[in-house]
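# Structure at a glance
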Amino acid sequence: MGALAPSHWLIVVLVIVLLFGSARLPDAARSLGQSLRIFKAELGAMKDDSEESKRNV
């Protein structure tokens, strides 16, 4: 009982394509990428704020 086998991944991909359709998948991937960039930027800002507050104390 470990990682999924390649055949399992193929089934998962086929189900996703059937559910969302091939036309909407690029938009979904683009939205996910934008969300991850925003999340990464916010984490960086939190880290900078934390370091700045440590210097001011």
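The preceding data block contains the structure.
Residues numbered from 1 in each chain as written. Predicted model: local features only at pLDDT ≥ 70, side-chain atom pairs only at ≥ 80, totals over all residues. Heavy atoms only, no water.

## Notes on the pattern of salt bridges
By the definition in use, this model includes one salt bridge. The residue R30 makes a salt bridge to D27 at a minimum N-O spacing of 2.8 Å. Separated by three residues within a single helix, R30 and D27 lie in helix 2 (residues 25-56), roughly one turn from each other. (Salt bridge = Lys/Arg side-chain N within 4 Å of Asp/Glu carboxyl O. Helix = DSSP H or I, 4+ residues; strand = E, 2+ residues; numbered from the N terminus.)

## Looking at helix 1 (residues 6-20)
Its 15 residues give helix 1 an end-to-end C-alpha distance of 21 Å, which sits within 8% of 21 Å, the value for a rise of 1.5 Å per residue. Once helix 1 finishes, G21 follows within two positions and takes phi at roughly 80 degrees, a positive value. (Expected span 1.5 Å × (residues − 1).)

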